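# A structural walkthrough
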Amino acid sequence: MDYISRDKAFELLKKYNKDPFHIQHALTVEAVMKWFADHQGYSEDAEYWGIVGLLHDIDFEVYPEEHCLKAPELLREGGVGEDIIHAVCSHGYGITVGCGVTIDVEPVHEMEKILFAADELTGLIWAAALMRPSKSTKDMELKSLKKKYKSNGFAAGCSREVIARGAEQLGWELDELLGLTLQAMAASEDEINAAMGKEFPQKDEEGTKLIENEDGLGIEPLFAEHVDFDTFSKSDFRAVKVKACEAVPKSKKLLHFTLDDGTGTDRTILSGIHAFYEPEELVGKTLLAITNLPPRPMMGIDSCGMLLSAVHYENGEEKLHLVMLDDAIPAGAKLY
């Protein structure tokens, strides 16, 4: 079977996806699909199944409102064959995307049905893993996963209806799908973490060494290198008022802020702080932003600036607090 190489597929994925969350999801679904290929007796096609998993959300970060509709164009431009294109689009079967179109590409092959069933489920399993002290799937039991699955308020963006329909299309009991996908993720976790470490390397050892006190509180060391005043003064720090804040659909990290920056035009900033704040608690707050950074597309939305926060560590766990200003400070006030 001829198909795009794994290396070329990964480069094509990264052409349209920059967010580490989306890269991790792609690597996760790739690994899960390869595991299922082996499990279901398709070992010789395991890399092919993996490439389908790797590319399945290729259009989502840049074109979230046209998910599975823009994918054929992007994949054909990248030299991907029609069989993979059909498989990628079929994972959206029956789902109405943001622009109002319902995806009508039906999963036919067993590989396509497994992709449909496992895609949403991997997100749910990973969210459940992050709630555990180990932050891992490797010590998670099926009964714990089932409890999270039944809690509709948990990882609400992971559609239970799609997961259940996926199990039905395969002719599997739901527990079988949950159990096998959990096994696949646990077996692949170290491989995925290694790939993410390679793709998004951490700071060097000297840069990550914390200054700790006897209470287990840690801060990153101060920079030894000086920055000249002219360079510093180019950063435009402004007080901003939060007019609205909401979670970004399909993202477990991002919050979408609508801000008053004193200009009379709303400013949009996306910030990956959902693990630390619920959006409703931030409405009305006065925050500190850098407003003259170039726009950065995230999940198809231009983020125009950056909110400042303070980070420290408690017993090795990251803690984050947004820098909040006195509400008496008006929107747009410049900080020196």
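See the structure shown above.
Numbering of residues starts from 1 in every chain and runs along the sequence as written. Note on the predicted model: pLDDT of at least 70 is required for a residue's local features to be given, and 80 or more for side-chain atom pairs to be given and counted; whole-chain, interface and lining totals, by contrast, use all residues. Side-chain measures here rest on the full set of heavy atoms in the structure, leaving out hydrogens and waters.

## Quick look at the nonpolar core
Ranked by internal contacts, the top residues of the largest apolar core, which has 62 residues, are Phe36, Trp49, Leu55, Leu75, Val80, Ile84 and Leu124. If you look at the next biggest cluster of nonpolar residues, it comprises 15 residues, including Phe257, Ile273, Leu307 and Leu320. Buried residues of nine kinds, namely Ala, Val, Leu, Ile, Met, Phe, Trp, Tyr and Cys, make up a nonpolar core once their side-chain atoms join them within 4.5 Å. Whether a residue is buried, partly exposed or exposed follows from its accessible area with a 1.4 Å probe, protein chains only, as a fraction of its type maximum: under 20%, in between, or over 50%, in that order.

## Here's the deal with the side chain of Ser188
Only runs of H or I of at least four residues qualify as helices and only runs of E of at least two qualify as strands under DSSP, and these elements are numbered from the N terminus. If you trace the backbone, Ser188 turns up in helix H9 (residues 174-199). Any pair of nitrogen or oxygen atoms within 3.5 Å is treated as a polar contact; in protein, a donor-acceptor pairing is required on top of that, and neighbouring residues in sequence qualify only through side-chain atoms on both sides. Of the polar contacts made by the side chain of Ser188, one reaches the backbone oxygen of Ala184; its length is 2.7 Å.

## Observations concerning the sheet that holds strand E3 (residues 237-247)
Taken in spatial order, the 5 strands line up as E5-E4-E3-E6-E9 in an open sheet, and their pairing is antiparallel. Each of the sheet's edge strands pairs with one partner strand only, and the pair in question is strand E5 (266-271) and strand E9 (306-307). Only strands joined by at least two bridges in the DSSP assignment are considered to pair. Note that E3 and strand E6 (residues 286-290) share 5 bridges and pair antiparallel. Looking at the pairing, Phe237 lines up with Ile290 of E6.

## Quick look at the packing of helix H1 (residues 6-16) against helix H3 (residues 46-55)
For the pair H1 and H3, interaxial distance at closest approach is 10 Å and the crossing angle is 5°. In terms of axis orientation, H1 runs roughly parallel to H3. Residues Arg6, Ala9, Phe10 and Leu13 of H1 touch H3, and the partners they reach there are Glu47, Ile51, Leu54 and Leu55. Along the lines of polarity and charge, the residues of the contact of H1 with H3 split into 6 nonpolar, no polar and 2 charged. Axis angles are defined between N-to-C directions and span 0 to 180 degrees, where every axis is a line fitted to C-alpha atoms and, for a helix, only to the segment in contact. Oblique is the label for any angle not under 35 degrees, not over 145, and not in the 65 to 115 range, which are roughly parallel, roughly antiparallel and roughly perpendicular in turn. In what follows, residue pairs with any heavy atoms lying within 4.5 Å of each other are defined as contacts. In the scheme used here, Gly and all other residues not listed as nonpolar or charged are polar, with Ala, Val, Leu, Ile, Met, Phe, Trp, Tyr, Cys and Pro taken as nonpolar and Asp, Glu, Lys and Arg as charged.

## Examining the packing of aromatic side chains
Two rings belonging to Phe, Tyr or Trp (six-membered ring only in the last case) form a pair when the distance between their centres is within 6.5 Å. Interplanar angles under 30 degrees mark stacking, angles over 60 mark edge-to-face geometry, and anything in between is tilted. Enumeration over the complete set of coordinates arrives at 6 aromatic pairs. Measuring from centroid to centroid gives 5.0 Å for Tyr42 and Trp49, while their planes differ by 35°, and the two rings are tilted. Assessed through its relative accessible area of 24%, Tyr42 is described here as partly exposed. What links up through ring pairs into an aromatic cluster is the set Trp35, Phe36 and Trp172. Note on geometry: a ring has a charge over it if NZ (lysine) or CZ (arginine) is within 6 Å of the ring centre and within 35 degrees of the ring normal. Geometry around Phe10 places Arg6 over its ring, the cationic atom sitting 4.7 Å from the centre. Above the ring of Tyr149, the side-chain terminus of Arg160 is found at 5.8 Å from the ring centroid.

## Looking at unusual backbone geometry
Positive phi outside glycine occurs at Cys68, with the angle close to 75°. Within the secondary structure, Cys68 is located in the loop between H3 and helix H4 (71-77). Taking relative accessible area as the criterion, Cys68 reaches 5% and is therefore assigned buried.

The values are spatial; any link to function lies outside them.
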